[in-house]
Amino acid sequence: MSSRCTLLLRICMLGVALAFAVVANARAIPLDEVPEGSLGLSAGVYVERDKVLTIEDALSRLERGEFEPAGVAVPKFGIGAGPVWLHLSVENRGMESVARRLLAGVSWIDRLDVYMVERGRVVSDWLAGDGDARWQHPLGNLGYAFDHTFAPGTTDILLRAQTADPMVLPLRLLSAEDATAWMRLQDYGYGMLYGFLLALIAYNAVLFASLRDPNYLNYALYLGAFIVVNLGYTGRGYEWLWPQYAGLQQYVILVLMVVFGYTGLRFARRFLELERVSPRADRAVRLFANAGLCAIALSAVFEQRALAALVAFVFVLLFSVAMVGLGLLCSRRGKGDAHYFLAGAVVAMFGAATTALAVWVGLPYSETLFHVAELGIVIEGSLLALALAYRMRLIQTARMQAEHLSRTDPLTGLLNRRAFLDSAGAAWSTAVRSGRPLSVIVIDLDHFKTINDTFGHETGDRVLVAVAEVLRKSCRRGDFSARWGGEEFILILPETDAGQAMAMAERLLADIRAATVPEKVSGLRLSASLGVAERHRHDALEALIREADGFMYRAKQRGRGRVHGAQSDADARPVLAPD
């Protein structure tokens, strides 16, 4: 009786195994024909409802046909979904065992149970996920990797995935060579991404250190926040930086997503000068940014993972829209560098929104869509770098204009007294050091008060501009001319002795007499008195200028409209003007 029962039991078990094999073989993928991409279209899905299933329960439901076709290349189930079982059947049609690497899930899966089943018996199993530091860790952006040698025949792969974050379950089966090549491609891509962003961060940090413009610091922090959040959601943070802190891993990606948006809004507010351009929009942005930080902090403190995920994804999407809105607002209000910002914000919004919707809901998940956010931040980084460079050019132009205005006479455009002394001082030092000649010409317009009283101050201003134009045209390279004050002008002539300076002064007097004043007034005649002095034993430039000024007064005393210097009256000492 006992032997009959044993035989009957074996027949039943064989029937179960055969029935299971029939079910499995109905969807089996030949191992030598496994597609390169994700295998969701060949997989079945079962969602746990009321109870936690064991592997035996899952096999029983698989046998009864309760698994439904996934219907998409990468199954995904949104935020806060219940535990999900995924089934894939693989057939090794050869006579020898074949080694393959299974890549499953994404880096933020809380728990991933993986089983290899042959003829109804579990031959290999793994426990992975970021819910416990003792479990197998993700292999960067590749998800979780499991190496298995497939025996001839059919092998059923069953996975149970559980997470409060968006549930995404890509599934690949690769040879060791293909898996290595895929990993190397990922490493090269992220190496280029991080290298580019770190170079931008270093560049902006140096600019901040030298210019003390907070925009460069805020931009560096914004890029740094993206690198850190990228390390988080690609699994490299848990793999490299905090592998022993599973509790941190549960919330760090979601918190960093909000921090990234917060730093972006901080940069936008300062860069666009939002408080000045639109105080109302500035208040709204600050309220939104602070609300996002508070919401994600409270979700983490009270351990509400699903709520934290919802806050993070909604915040990132709204942040992307807000950046574009701010760019549009400031562009319409005439802020020149906002055009670069707007272009970068549009690209970044498209990238961030595409990746978020591909991971969460609205778009099918794919490797391409997953990386769109990274491409968007690279393009945005380049455009915002151009925006900051444009801003720097504006600042430099404004500084140069301010410096030019501080050194020039606003009416004539010649150097003012202070700028002339700076330039002439360098020429004086060179002449003294090398023993070279240097001369000064002082020019004072004759009867200028009468011109103002007779023809008006506007005509007097035109006279000064006309004389300044004469000086500009007559000066050689290396000469310096300036408005010394009122109707008085001055020139310093390096490499020029007294004779050459006297000849030049005579030409200047002739040109001043021939000068025409725009909208000239009938009866207006220009004249000037010029004093010329050459450096000899003068102890300072000021002494040389005083001597030329004295000669100019001697010219006025002798009837105006003439040039006077040491050669004009060798026996007479020049009359010095009062200090």
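Scope of this entry: the structure provided in the associated data block. Remember, predicted model here, so these are calculated numbers, not experimental data. Along each chain, residues carry numbers from 1 onward, in the same order as the chain's sequence is written. Only residues with pLDDT of 70 or above have their local features reported here, since the model is predicted, and side-chain atom pairs are shown and tallied only from 80 upward, although totals for entire chains, interfaces and linings are computed over all residues. To obtain the side-chain values, all non-hydrogen atoms of the structure were included, while hydrogens and water were left out.

### Some thoughts on the pairing of strand E5 (residues 84–92)
To keep it simple, the criterion reads: Buried means the residue's accessible area, taken with a 1.4 Å probe over protein chains only, is under 20% of the maximum for its type, while exposed means over 50%, and partly exposed covers the values in between. Only DSSP runs of H or I with at least four residues qualify as helices, and only runs of E with at least two residues qualify as strands; both kinds are numbered from the N terminus onward. Whether two strands pair depends on DSSP finding at least two bridges between them.
Most of E5 sits out of view: eight of its nine residues are buried. Sheet topology places strand E2 (residues 44–47) next to E5; four bridges connect them, and they run antiparallel. Within E5, the position partnered with Gly 44 by the bridge is His 87.

### Some points on the environment of Asp 50
If you trace the backbone, Asp 50 turns up in the loop between E2 and helix H2 (55–63). Considering only alpha carbons, one finds Asp 50 and Gly 82, 32 residues apart in sequence, at a separation of 9.6 Å.

### Examining the pattern of salt bridges
Filter applied, for reference: By salt bridge we mean one thing: a side-chain nitrogen of Lys or Arg within 4 Å of a carboxyl oxygen of Asp or Glu.
For the structure shown, the criterion picks out 26 salt bridges. Its salt-bridge partner being Glu 33, residue Arg 93 comes within 2.9 Å of it at the nearest N-O pair. Here Glu 33 lies in the loop between strand E1 (29–30) and E2 and Arg 93 lies in the loop between E5 and strand E6 (98–104), a separation of 60 residues in the sequence. Residue classification places Arg 93 among the partly exposed positions, given a relative accessible area of 46%.

### What to know about the sheet that holds strand E16 (residues 528–534)
In a beta sheet, neighbouring strands are held together by backbone hydrogen bonds and run either parallel or antiparallel to one another. Formally: Axis definition: a line fitted to C-alpha atoms, limited for helices to the stretch in contact. Angles are taken between N-to-C directions and run from 0 to 180 degrees. Contacts between residues were defined by any pair of non-hydrogen atoms, one from each residue, lying within 4.5 Å.
Read from one edge of the open sheet, five strands run E14-E15-E13-E16-E17, paired in mixed fashion. Each edge of the open sheet carries a strand with a single partner, namely strand E14 (480–485) and strand E17 (563–565). The mean inter-strand angle of the sheet, taken between neighbouring strand axes irrespective of direction, is 20 degrees. In this sheet, E17 lies alongside E16 in parallel orientation, the contact comprising three bridges. Bridging across to E17, Gly 531 finds its partner in His 564. Across the sheet, helix H15 (residues 457–474) touches strand E13 (438–445), E14 and strand E15 (488–494), and the angle it forms with E15 is around 5 degrees. Sheet strands touched by helix H17 (residues 541–557): E13, E14, E15, E16 and E17. Its angle to E16, the strand with the most contacts, is close to 140 degrees.

### Brief notes about the nonpolar core
Grouped burial of nonpolar side chains is what soluble globular proteins tend to show. So the rule is basically this: The criterion is simple. A nonpolar core is a set of buried Ala, Val, Leu, Ile, Met, Phe, Trp, Tyr and Cys residues joined through side-chain atoms within 4.5 Å.
In terms of nonpolar packing, the biggest core is built from 103 residues, with Leu 102, Leu 112, Phe 146 and Phe 341 touching the most fellow members. Leu 445, Leu 491, Leu 508 and Leu 524 belong to the second largest nonpolar core, which has 31 residues in total.

### Side note on helix H9 (residues 305–332)
Formally: Each residue after the first adds 1.5 Å to the expected span of a helix.
Over its 28 residues, H9 runs 41 Å from end to end, which matches the ideal 40 Å to within 8%, given 1.5 Å per residue. Within two residues after H9, Gly 334 carries a phi angle of roughly 85 degrees, on the positive side.

### Topic: the packing of aromatic side chains
As a reminder, the rule being used: Under the pairing criterion, centres of Phe, Tyr and Trp rings, with the six-membered ring standing for Trp, must be within 6.5 Å; the plane angle then separates stacked pairs below 30 degrees from edge-to-face pairs above 60, leaving the rest tilted.
Evaluation of the coordinates by the stated rule reveals 19 aromatic pairs. Summarising the aromatic geometry, the rings of Phe 260 and Phe 319 are spaced 5.6 Å apart at their centres and angled 75 degrees between planes, so their arrangement reads as edge-to-face. One end of the pair, Phe 260, is in helix H6 (residues 246–271); the other, Phe 319, is in helix H9, with 59 residues separating them in the sequence. For Phe 260, a relative accessible area of 9% puts it in the buried group. Using a relative accessible area of 3% as the deciding quantity, one classes Phe 319 as buried. A ring pair is formed by Tyr 340 and Tyr 390, whose centres lie 5.6 Å apart and whose planes are at 45 degrees; its orientation type is tilted. Of this pair, Tyr 340 sits in helix H10 (residues 338–359) while Tyr 390 sits in helix H12 (residues 372–407); the two residues are 50 residues apart in sequence, bridging distant segments of the chain. The exposure class assigned to Tyr 340 is partly exposed, which follows from its relative accessible area of 29%.

### Things to note about the sheet that holds strand E9 (residues 144–150)
Overall, antiparallel pairing links the three strands, which are arranged E9-E6-E12 in an open sheet. The strands lining the two open edges of the sheet, one partner per strand, are E9 and strand E12 (171–174). Recorded for the sheet is a direction-independent mean angle of 25 degrees between the axes of neighbouring strands. Sheet topology note: the E6/E12 ladder contains four bridges and is antiparallel. Residue pairing across strands places Ala 104 opposite Leu 171, the latter belonging to E12. Helix H3 (residues 176–211) contacts E6 and E12 of the sheet and is inclined by roughly 125 degrees relative to E12.

### Let's talk about empty space enclosed by the protein
Threshold: Cavities and pockets were defined on a 1 Å grid built over protein atoms only: a cavity is a set of grid points that admits a 1.4 Å probe from which the probe cannot escape, a pocket is an open set flanked by protein on both sides within 12 Å along at least five of seven lines, and lining residues are those with an atom within 4 Å of any such point. Grid points are joined across faces, edges and corners, and a volume is the space filled by probe spheres set on the points. Each residue is assigned to one of three groups, with Ala, Val, Leu, Ile, Met, Phe, Trp, Tyr, Cys and Pro labelled nonpolar, Asp, Glu, Lys and Arg labelled charged, and all others, Gly among them, labelled polar.
According to the stated counting rule, one finds three cavities of 30 Å³ or more in the structure shown. Taken as a whole, the largest cavity spans an internal volume of roughly 400 Å³. Along the walls of the largest cavity sit 30 residues, with Tyr 233, Met 257, Val 316, Thr 355 and Ala 373 positioned nearest its centre. Breaking the lining of the largest cavity down by element, the ones donating at least two residues are helix H4 (214–233), H6, H9, H10 and H12. If one sorts the elements of the lining of the largest cavity by residue count, H10 sits on top with eight residues. Here the lining of the largest cavity is built from residues that sort into 23 nonpolar, five polar and two charged. One number sums up the size of the second largest cavity: a volume of about 100 Å³. In terms of lining, the second largest cavity is formed by 15 residues, of which the most central are Gly 105, Val 106, Asn 141, Pro 170 and Tyr 365.

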